[in-house]
Amino acid sequence: MQRDKFFREIENVRHPNETLVKTHCSYCGMQCGMNLRVDTSTNKIIGVEPRYDWPVTVGKMCPKGVTAYQQTNHDDRILKPLIRDDASLKGTQEGFREASWEEAYDLIAEKFGELQSNYGKDSLSVFSGVSMTNEKCYLTGKFARVGLGTRYIDYNGRFCMSSAAGGFLRSFGVDRGSTLPWTDVHETDCLFIAGSNTAECHPTSMFRVWAVQERGGYLIVADPRETPVARRADVHLDLRPGTDLALANGILHLLIKNGYADEEFVNKHTNGFEETKELVKDFTPETTSMITGVAVEKIERAAEIYGKAPNAIVMFARGIEQQHKGVDNVSGYTNMALVTGKIGRPKAGVATFTGQGNGQGGREHGQKSDLLPGYRKITNPEHVKAVSKVWGIDPEEMPKPGVSAYEMFELMNEKTIRGLYLLCSNPAVSAPNLNVVRKGLKSLDFMVCSDFFLSESAEYADVILPSVTWSEDEGTVTNLEGRIIKINKAQEPIGESKPDWQIQVELAERLGRGKYFSHLKTAKDVAEEFRLASKGGYADYYGATWDKIDKQDGVFWPCKDEDDKGTPHMFLDKKFYHPDGKAKICALPYRPPAEEPDEKYPLRLTTGRVVYHYLSGNQTRRIKFLKDMCPDPYVEVHPVTAAKYGIQHDENIRLFTRRGKAYYKVKITEAIREDTVFVPYHFGHDESINLLTIAALDPISKMPEFKACAAEIEKLDSGKVL
Ligand SMILES: Nc1nc2c(c(=O)[nH]1)N[C@H]1C(S)=C(S)[C@@H](COP(=O)(O)OP(=O)(O)OC[C@H]3O[C@@H](n4cnc5c(=O)[nH]c(N)nc54)[C@H](O)[C@@H]3O)O[C@H]1N2
Ligand SMILES: Nc1nc2c(c(=O)[nH]1)N[C@H]1C(S)=C(S)[C@@H](COP(=O)(O)OP(=O)(O)OC[C@H]3O[C@@H](n4cnc5c(=O)[nH]c(N)nc54)[C@H](O)[C@@H]3O)O[C@H]1N2
Ligand code: SF4
Ligand SMILES: [Mo]
């Protein structure tokens, strides 16, 4: 009924010369279905409407999604290549002049060539991101290894999905973010959600979350803050930041003790149970409560609900993953599903809320320092051989593994890395411990940045290349379910902007590597090569043709050939991907955050998002509605803590840690623990909270501990920003 009314209203506002282009949102991993409205008299995008026929999001979009189209023809778009002609202004927006593509390519080829002949192939680096299509992500990996011949490539997913990837690989032997399709979520009996601000970060999942409760099921949320999803939870486990592993072990202790372990499943399909059972013996509710700060009754109730639920899904996001034990946290919460056997069947399983639009596909096909397409390892000679064959290179030529994202900035400071090709990321805002990162960018001999809006990171570049927005190119993206979907082109690139794959093909030609790239004339050409390169890897996309994606509403990987419909549910045959076919239950000793509060820094700082902004904010801070709704950063402080410091709502304070300081307005709220403060990270320059965060890295995933460090507040006498 409502739906009909909505469509009638839409019909009434339709432009006379309007056509609709079926696609998905540019932002988060939900990849909401949308139609871009295009005026055929100008061939310009003029608006958007949600797609009711998209099974994952059924007509839902969030404030970012409904305004995303405003990026395409925005006044701030970079329309021509820019070359820096005043090196003294590095680190600012000044000192650039417009140039032709020819001049820009010539300069890059000359400077990259010089650096490699003076300092070796590995003096260059590539830092990329996963707001790009699979085809672009794939080609970026090839461009680094074959076009530049460097080992140093890594990407922003290191700060995003790397701990989930590490945990899933260890527990299941495969890293697909969700073991089931999202259309199962509302049909389960219990959702256990840890470290996900679902209502603000994956808002179009919420109708499924509420539906669980409406059907009489349960919602358990573990978060130091009372987020909108925590507020309506049956149990809110309001833990201290950085203590998830103790909570996961504590719940496992109760599940085993109270008879909820599925012995048959454990014996047949898993390893590691006895060792884990022994380890979690120590995590009594009392001990767990002492470490986490969560009341004993809440821990007991959560274990009881999860244990009793016929079907349950354990879900988590960056709250548990962006810790220096993020991988352990992922395996720790995954243990709950493995011990109780609530996995490998519909409506039961484990899922992470994948962050970026292509956070899943972008991590499978070679942007990570040690990975090649199809989730192959660059350290495995057989894998190298398979990919070298597709690329037409001698396996000997394949560069060795590089280092992780943050470590690349350290190497820039050491002058091991001297040149950078940055695309699709804004690390001058989003990387941890920014004083080191910004210094690293500044110390580069030569830096190229490809973006469509001049970002804070582009301010350090010598050449800026104008890329296109998602609406000006086509290709595939893999959403948070592991479903490969199609992004369609709604408008020709504006100005002289070009898609990144085309930039890489043309640049490779300038670098004398054209024979490996020149055959790629369209996005579809890249797609065909990419499917082939993934063939036989466990993230096998070979069978996911664009045609099949269109006909089936997407294709879940693995999808091995033309006849394969794809794999919506993982492990239905109870076969996990470790060589013996079993999953691993992991015994994980607790360790505290890298930096615990002390007398000098008595508070815990945690960081994250708000609904109106996206990541570094370089896109959403330019959209008027979003900027109006959330113009500035702030620090959330509990009223008791505010009283202790004598600070008022809206007062400016200085927040500092061992790494740096910044000034924020205080937002007093009871929705946070007394010992914790929270700052959203979507803001640049002096407002970036990453000036304060700690670069303590997880030993397996190399994920920085964005979610917990020790901090202190200082009241300013004047109450003004200094
Ligand atoms: N509006 C909006 N949506 C987005 C994005 C965005 O920038 N803006 N980005 C997208 C991307 S790339 C990502 S990665 C996802 C991120 O999605 P989320 O992970 O949901 O977002 P965050 O705000 O980073 O953190 C989630 C929650 O973790 C909690 N938390 C902090 N410390 C801890 C802890 O120690 N333990 C536990 N259990 N919880 C903790 C925070 O209070 C917060 O509520 O969102 C995607 N969607
Ligand atoms: N303190 C703190 N820091 C964090 C986090 C946190 O929770 N707390 N979260 C981390 C997480 S999960 C993430 S994902 C990272 C993300 O951090 P970033 O990688 O910095 O993310 P974006 O802001 O999306 O940066 C993408 C940039 O590329 C541009 N862009 C978008 N699409 C394209 C394209 O197709 N081609 C090109 N060439 N450019 C494009 C955009 O305009 C933007 O400038 O931040 C991390 N940093
Ligand atoms: S939920 Fe994510 S994909 Fe959907 S409209 Fe919002 S930002 Fe876009
Ligand atoms: Mo992310």
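Bear in mind that the values here come from a model prediction, so they are computed numbers and not experimental data.

Side note on the overall build of the protein
Counting its regular elements, the protein contains 24 helices and 28 strands. Taking 722 residues into account, the globule formula puts the C-alpha radius of gyration at 27 Å, and the protein, at 25 Å, falls close to it. When the backbone C-alpha atoms are referred to their principal axes, the protein occupies close to 70 × 70 × 60 Å. Per-residue burial over the protein gives 65% buried out of 722 residues.

Quick notes on the site of ligand 3
Taken together, Cys 25, Tyr 27, Cys 28, Met 30, Gln 31, Cys 32, Met 61, Cys 62, Lys 64, Gly 65, Pro 203 and Thr 204 make up the full set of residues near ligand 3. For the shell around ligand 3, the per-class residue count stands at 8 nonpolar, 3 polar and 1 charged.

Regarding the site of ligand 2
Close to ligand 2 lie 28 residues, the nearest being Asn 156, Ser 425, Ser 430, Asp 451 and Ser 616. Here an oxygen atom of ligand 2 sits 2.6 Å away from a polar atom, N or O, in the side chain of Ser 425. Between ligand 2 and the protein, one listed contact pairs an oxygen atom with a side-chain N or O atom of Asn 618 at 2.7 Å. With the chains in place, 99% of the 920 Å² that ligand 2 exposes on its own is no longer accessible.

Some details on the sheet that holds strand S1 (residues 18–24)
Taken together, the 3 strands give an open sheet; going across it, the order is S1-S2-S3, and neighbouring strands pair in antiparallel fashion. In this open sheet, the two strands that pair with only one neighbour each are S1 and strand S3 (44–50). Here the average twist between neighbouring strands, direction ignored, is 30°. For S1 and strand S2 (residues 33–39), the ladder comprises 7 bridges, and the chain directions are antiparallel. Looking at the pairing, Thr 19 lines up with Val 38 of S2.

Concerning the environment of Thr 204
Mapping Thr 204 onto the fold places it in the loop between helix H6 (198–201) and helix H7 (206–214). For Thr 204, a relative accessible area of 3% gives the class buried. A C-alpha to C-alpha distance of 26 Å links Thr 204 and Val 174, two positions 30 residues apart in sequence. In this structure Thr 204 touches Met 30, Cys 32, Thr 57, Lys 60, Met 61 and Cys 62, once residues within four positions along its chain are discounted.

A closer look at the UniProt feature "domain: 4Fe-4S Mo/W bis-MGD-type" (unreviewed entry) in the protein
When the UniProt feature table is mapped onto this chain numbering, "domain: 4Fe-4S Mo/W bis-MGD-type" (unreviewed entry) sits at residues 18–76. Split by type, residues 18–76 is 8% helix and 36% strand. Its first and last C-alpha atoms lie 25 Å apart.

Here's the deal with the side chain of Thr 57
For Thr 57, the location among the structural elements is in the loop between S3 and helix H2 (63–67). Classification of Thr 57 by relative accessible area gives buried; the value is 0%. Of note is the side chain of Thr 57, whose polar atom sits 3.1 Å from the backbone nitrogen of Gly 33. Contacts of Thr 57, omitting those with residues within four sequence positions, involve Met 30, Cys 32, Gly 33, Thr 204, Phe 207 and Arg 208.

Cut-offs and rules
- Within every chain, residues take consecutive numbers counted from 1 along the sequence as written.
- To label them, take the chains in the order written and letter them from A, then take the ligands in the order written and number them from 1.
- The model is predicted, so local features are restricted to residues of pLDDT at least 70 and side-chain atom pairs to those at 80 or more, both for listing and for counting; the totals for chains, interfaces and linings are taken over all residues.
- The basis for every side-chain value is the complete set of heavy atoms in the structure, and neither hydrogens nor water enter the calculation.
- The numbering of helices and of strands both runs from the N terminus, where a helix is a DSSP run of H or I of at least 4 residues and a strand a run of E of at least 2.
- The globule rule used here is 2.2 Å times the number of residues to the 0.38 power, and the radius of gyration it is set against is calculated over C-alpha atoms.
- Burial classification: accessible surface area is computed with a 1.4 Å probe over protein chains only, and a residue below 20% of its type maximum counts as buried, one above 50% as exposed, and the rest as partly exposed.
- The rule for a residue being near a molecule or strand is that one of its heavy atoms must lie within 4 Å of it.
- When residues are sorted by character, Ala, Val, Leu, Ile, Met, Phe, Trp, Tyr, Cys and Pro go into the nonpolar class, Asp, Glu, Lys and Arg into the charged class, and all the rest, Gly among them, into the polar class.
- In protein, a polar contact requires one atom able to donate a hydrogen and another able to accept it; more generally it is a pair of N or O atoms within 3.5 Å, and residues adjacent in sequence count only if both atoms are side-chain atoms.
- Using the Shrake-Rupley algorithm and a 1.4 Å probe, accessible areas are obtained, with residue cover drawn only from the displayed protein chains.
- In this description, strands pair whenever DSSP reports at least two bridges between them.
- Axis definition: a line fit to C-alpha positions, over the contact stretch in the case of helices; interaxial angles, taken between N-to-C directions, run 0 to 180 degrees.
- By definition in these notes, contact holds between two residues if any of their heavy atoms fall within 4.5 Å.
- UniProt positions are given in the numbering used here, feature names are shortened, and annotations may be inferred rather than shown by experiment.

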